[in-house]
Amino acid sequence: MKKEKRSSPDAPAARGGWSRYRTIVISVGLFLVFDLGVLILNFTLSSQIEADAVAVNLAGRQRMLSQRTVKTLLLTQDAWRNELDTKPPLEELKLTVLLFDSTLHAFDRGGQVTGADGKPAMLAAAQPGSGREAVTQGLALWVPYKQLIDTAILEDGLDGVALGQAVDYGRANNLALLKLMNDLTVALEKGAAARAEDLRLIQVGGISLALINFVIILFHFIRKLGESDRHIEAARRETVEILDTVNEGLFLLGPDGRIGGQLSASLPRILRRAVKPGDDFFALLKDMVSESTLRTARGYVELLFAGRVKENLVGDLNPLNRLEIQVESATGSGRETRYLDFQINRVLADGMISHLLVTVSDITDMVQLQEALEAAKHRAGSEVGLLMSALSVHPAELAGFLHKTEAELLRINEQLKQKHAGPVQHQQTVQGVFRSIHAIKGEAAALGLESVELLAHDFEQTLSTLRERNSIAGDDMLSLPVHLNRLFEHLSLMKGIVDRVAGLQGAMVGAGQPGDAGESLARDLQKLADRIAQVQQKHVRVEAELGEFARLPEAARSVLKDVAIQLVRNAVYHGIEPPNDRVHAAKPEHGSIRVALHPSGTGMFEFIVRDDGRGLQPQRIREALIASGRYRLEDVSALDERTVVMKIFEPGFSTASGDADRDAGRGVGLDVVKERLAGLRAQLKVATQPGRFTEFRIQLAA
Amino acid sequence: MSGAIVKNDMKLMIVDDSNIIRGRIARVVETGKIPDVSVVGMARNGSEALRLCQERQPDLVTMDLTMPEMDGIVCTEGLVQIKPDVRILVVSALRDKATALEALQKGALGFVCKPFTDDQLAGALNELMERQT
């Protein structure tokens, strides 16, 4: 059985998840590192540049304050000399000195000062190379300057001498102090400009790295996509190549019952009709199969999609394997029968049934070959069987049987050809044909010609069905010539074999000697008894005393042979008990049938067939008569035992239960015996004792 | 495995009106081709099977389809109601695929066609128990 098919993932996807995404993870990581680095540096430098701007601004203010200090000092001295109000210039002087002093010290050690906007601002200590020298030199000039100014300003006025000294000091050092504050401003501006340059460089570098990273990612993915596209394209080409060249019709069937997007080129050729992707599969089948097969196919497909059942355990239920369809012949000369096989398998994707894979093959050649082989095998078997059975029969007897049976079949043929007026005549014909065929069956069985016996049995069953009908119409008779023909053909085949064997035998050992008629009959009867006994699981021995048989005329021999066959058959089937029953009845396990022919007076013979079985049982015969529907209970009850026993010679009588087999239960046999003996003007007597024996005695003239 | 031998851990009920087939299936089980399975009951028709199922609680069932009194399809439906996890294998002659399909739609899980060989039946029962065969 085919296993469920799993769709295989493509090769790159089969690798681990990490290696598949490594490049993108590294790229994104680098991108984040670059961006974060730039951001941090940017933030740091921006803060420094901001601080630099404050410092540059305050250094510029120091330049201005140094000049205002001198100016307010001179204004204060001027007001003091002219005895004017000194308060306004003095207040400005104090404020200017305080601001200059605090700012210069903040440049020296770092600290908080009042900013240009009046709010507090932080200043870092000036660094060497960035104004440190100017601050140190500035402090050296400023500290004595401030001391002189502080000395000049008293709590309740001004010290004129100290004020004069301060003005003198200011005049002497003002330009130097201005230059130093200017140097400080220039140095700070340079530092700020350098940092701004650094910031630009970092930003440009960071963005460049990010761009390079982006470009690498882009190229990597374009390359991967290209590779992937090439894989997909190669796989697609392979699929197309397979679908174009494969002999089977292949397609995927979706849960909606539609044919998938790809199908093999062979499919329309195999189905002998146009098929395209998206077609309804069941609509396609509708033209090819019966309504019930279509329904079953739909159920089968649903069952496979449902997923509950085992796919391996339901393959036999696929109604589309070995599908017989009628199609236009490829040569365009009418219609022809083709055999298609639809294999349907599940396709799993991620453990779920996604589709069914349908594989359609044209198995016509295979089926035809199989049928031819079967037929050849059967023919060879039956011919060998026929030959073997023919070889086991004495040639003279076989020839006699074939000759006689052929004549009988011709007679039946004549009977069947007659135009019958109505059901009554049909009924009589059927009865007559039935007896003849039954007799042929009996003889064939006695000779061990099983194939003839089986054909006769089939014929007999058809006749039996007709016999049970109340009324037989002309049409009902139509099947009889078919059976008759079969028997004719079989006999002619047999005759051909016999002729060939006779020729062979003649060539090798000369003409055969006819055997003793009595011995031959004894052998046939034992063979018949053995065969029936085997089926019935009984043990039977035929004790034949037929030494006088050859002395009888041919006509009598023929009748007695038929009679012996029927009586021995009945004895084994009805008379002899199963071994267990016999043991319980204190009898030997082997039943005994005595067939004897003795002279009895002048020109007279007595033919005896006696078995030591259960005997004729009147009660069973009564039951059988009622069961046959031809007698009512009160009729049968009124009959005495002797009359009841004699009813076994009526046509259609049988005590065999259940279905008829080929050895008994047909209700023909004893009526044939009676009829044939009447033809010889022979007398028939029956003696029986229940549980002990049944004996038929026939008196006939030689 | 600790080495302990687990025997007869799956219970099989055989449902078939033919005593020959019932005997045949039981013999296949006895040959050891289907390990760890024991026959816990045999039923001649659907109604007998339903009674027996309640009493013996089988894990596996082999189910004939054509039987007197109650056929295999009605019986399959009934068994699944009584014991939803029961695994039913339809064992029937393949005259009518539609009927067998109906039994599978009612809850049976697999199908084996009569006549069958010992190996076919053993393989199907093992497959039904999801064993490698």
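Sequence order sets the numbering: in each chain, residues are counted from 1 along the sequence as written. Key to labels: chains lettered from A, ligands numbered from 1, both in the order written. Local features in this predicted model are restricted to residues whose pLDDT is 70 or higher, and side-chain atom pairs enter the listing and the counts only when it is 80 or higher, whereas totals over whole chains, interfaces and linings include all residues. Just so you know, side-chain values use all the structure's heavy atoms and leave hydrogens and water out.

Caption draft 1: Representation of helix H1 (residues 19-30) of chain B in the model. All names here are of chain B. Helix and strand definitions follow DSSP, with helices as H or I runs of at least four residues and strands as E runs of at least two, each counted in order from the N terminus. In this analysis, the expected span of each helix is defined as 1.5 Å times one less than the number of residues it contains. Between its first and last C-alpha, H1 extends 16 Å over 12 residues, near the 16 Å set by a 1.5 Å rise per residue. Using a 1.4 Å probe on the protein chains alone, a residue whose accessible area is under 20% of its type maximum counts as buried, one over 50% counts as exposed, and one in between counts as partly exposed. Taken together, the buried positions of H1 are Ile 21, Arg 22, Ile 25, Ala 26, Val 28 and Val 29. Projection of H1 onto a plane perpendicular to its axis shows the buried side chains occupying an angular sector of 155 degrees, all on one side. Residues of H1 that are exposed and point more than 90 degrees away from the buried face comprise Asn 19, Ile 20 and Glu 30. Packing partners of the buried residues in H1 comprise strand S1 (10-15), strand S2 (37-43), strand S3 (60-63), strand S5 (110-114) and helix H5 (118-128). N or O atoms within 3.5 Å of each other form a polar contact, as long as, within protein, one can give a hydrogen and the other can take it, and as long as residues adjacent in sequence are counted only when both atoms are side-chain atoms. Between a side-chain oxygen at the N-terminus of H1 and the backbone nitrogen of Ile 20 the separation is 3.2 Å; the capping residue is Ser 18. Two residues or fewer after H1 comes Gly 32, characterised by a positive phi angle close to 85 degrees. As used here, the arc is the angular range of directions from the helix axis to the C-beta atoms. The criterion used for residue contact is that any of the two residues' heavy atoms lie within 4.5 Å.

Caption draft 2: A look at the sheet that holds strand S11 (residues 604-611) of chain A. Residues and elements named next belong to chain A. Ordered by their spatial adjacency, five strands build an open sheet running S9-S10-S11-S13-S12, and the pairing between neighbours is mixed. Because the sheet does not close on itself, it has two edges, and the strands there are strand S9 (540-545) and strand S12 (683-689). Taking the axes of each pair of neighbouring strands and ignoring which way they run, one obtains an average angle of 10 degrees across the sheet. A pair of strands counts as paired when DSSP detects no fewer than two bridges linking them. Here eight bridges tie S11 to strand S13 (residues 693-701), and the two strands are oriented antiparallel to one another. Within the sheet, the bridge partner assigned to Glu 606 lies in S13 and is Gln 699. In this analysis, axes come from line fits to C-alpha atoms, helices being fitted only over the stretch in contact, and the angle between any two N-to-C directions falls in the range 0 to 180 degrees.

Caption draft 3: A look at the packing of aromatic side chains. Residues and elements named next belong to chain A. Note on aromatic contacts: the rings of Phe and Tyr and the six-membered ring of Trp form a pair at centre separations within 6.5 Å, being stacked when their planes are under 30 degrees apart, edge-to-face when over 60 apart, and tilted otherwise. On inspection of all chains with the given rule, the structure shows seven aromatic pairs over all chains. Between the aromatic rings of Phe 100 and Trp 142, the centroid separation amounts to 4.4 Å while the plane-to-plane angle is 55 degrees, which identifies the pairing as tilted. In this pair, Phe 100 is assigned in helix H3 (residues 87-109) and Trp 142 in helix H4 (residues 132-152), connecting sequence segments 42 residues apart. Judged by centre distance (5.4 Å) and plane angle (55 degrees), the ring pair of Phe 281 and Phe 282 falls under tilted. Each member of the pair, Phe 281 together with Phe 282, is buried. Aromatic rings pair up to connect Phe 100, Trp 142, Tyr 145 and Tyr 169 into one cluster. The ring of Phe 693 has Arg 610 lying over it, and the distance from NZ or CZ to the ring centre is 4.0 Å. Any Lys NZ or Arg CZ that is within 6 Å of a ring centre and within 35 degrees of that ring's normal is treated as a charge sitting over the ring.

Caption draft 4: Molecular detail of the nonpolar core. Among the nonpolar cores identified, the biggest contains 59 residues, and Phe 251, Leu 271, Phe 281, Leu 285, Leu 320 and Phe 342 of chain A together with Leu 79 of chain B are the most heavily contacted of them. Leu 525, Val 542, Ala 556 and Val 563 of chain A belong to the second largest nonpolar core, which has 50 residues in total. The term nonpolar core refers to a set of buried residues drawn from Ala, Val, Leu, Ile, Met, Phe, Trp, Tyr and Cys, joined through side-chain atoms within 4.5 Å.

Caption draft 5: Representation of the interface of chain A and chain B in the model. Listed as interface residues are 15 residues of chain A and, on the opposing side, 18 residues of chain B. Accessible area that two parts lose when put together, with a 1.4 Å probe and added across both, is what the buried area reports. Summed over both sides, the interface between chain A and chain B buries roughly 1400 Å², with carbon and sulfur atoms accounting for 63% of that surface. Contact with chain B buries area across many residues of chain A, yet Lys 310, Leu 313 and Leu 317 of chain A alone supply 46% of it, more than any other trio. By convention in these notes, a salt bridge is any Lys or Arg side-chain nitrogen within 4 Å of a carboxyl oxygen on Asp or Glu. Here chain A and chain B share zero salt bridges between them. Between the two partners, chain A and chain B, sit eight residue pairs in polar contact (both at pLDDT 80 or more). Side-chain classes are defined by residue name, with Ala, Val, Leu, Ile, Met, Phe, Trp, Tyr, Cys and Pro counting as nonpolar, Asp, Glu, Lys and Arg as charged, and the others, Gly among them, as polar. A per-class count over the side of chain A that touches chain B returns seven nonpolar, five polar and three charged.

Caption draft 6: Examining the domain arrangement of chain A more closely. Domain start and end points were adopted from an automatic or database domain assignment. What the domain assignment reports for chain A is domain 1 (17-219), domain 2 (249-362), domain 3 (366-514) and domain 4 (516-702). A C-alpha centroid distance of 47 Å is found between domain 2 of chain A and domain 3 of chain A.

Caption draft 7: How the structure looks around the packing of helix H11 (residues 423-447) of chain A against helix H15 (residues 554-575) of chain A. Residue and element names in this part refer to chain A. Contact geometry for H11 and H15: axes closest at 10 Å, N-to-C directions at 80 degrees. As the angle between them shows, H11 and H15 are arranged roughly perpendicular. Contacts between H11 and H15 involve His 438, Ala 439, Lys 441, Gly 442, Glu 443 and Ala 446 from the first element and Asp 562, Ile 565, Gln 566 and Arg 569 from the second. With respect to orientation, any angle under 35 degrees is reported as roughly parallel, any angle over 145 as roughly antiparallel, any angle of 65 to 115 as roughly perpendicular, and every other angle as oblique.

Caption draft 8: View of the state of the cysteines. Residue and element names in this part refer to chain B. Note on terminology: disulfide denotes any pair of cysteine sulfur atoms within 2.5 Å. As enumerated under the stated definition, the model contains zero disulfides over all chains in all. Free of any disulfide, Cys 53 has its nearest neighbouring cysteine sulfur in Cys 75, separated by 8.2 Å. This cysteine, Cys 113, is not joined by any disulfide, and Cys 75 carries the nearest cysteine sulfur, 20 Å off. Cys 113 sits in the buried class, given a relative accessible area of 18%.

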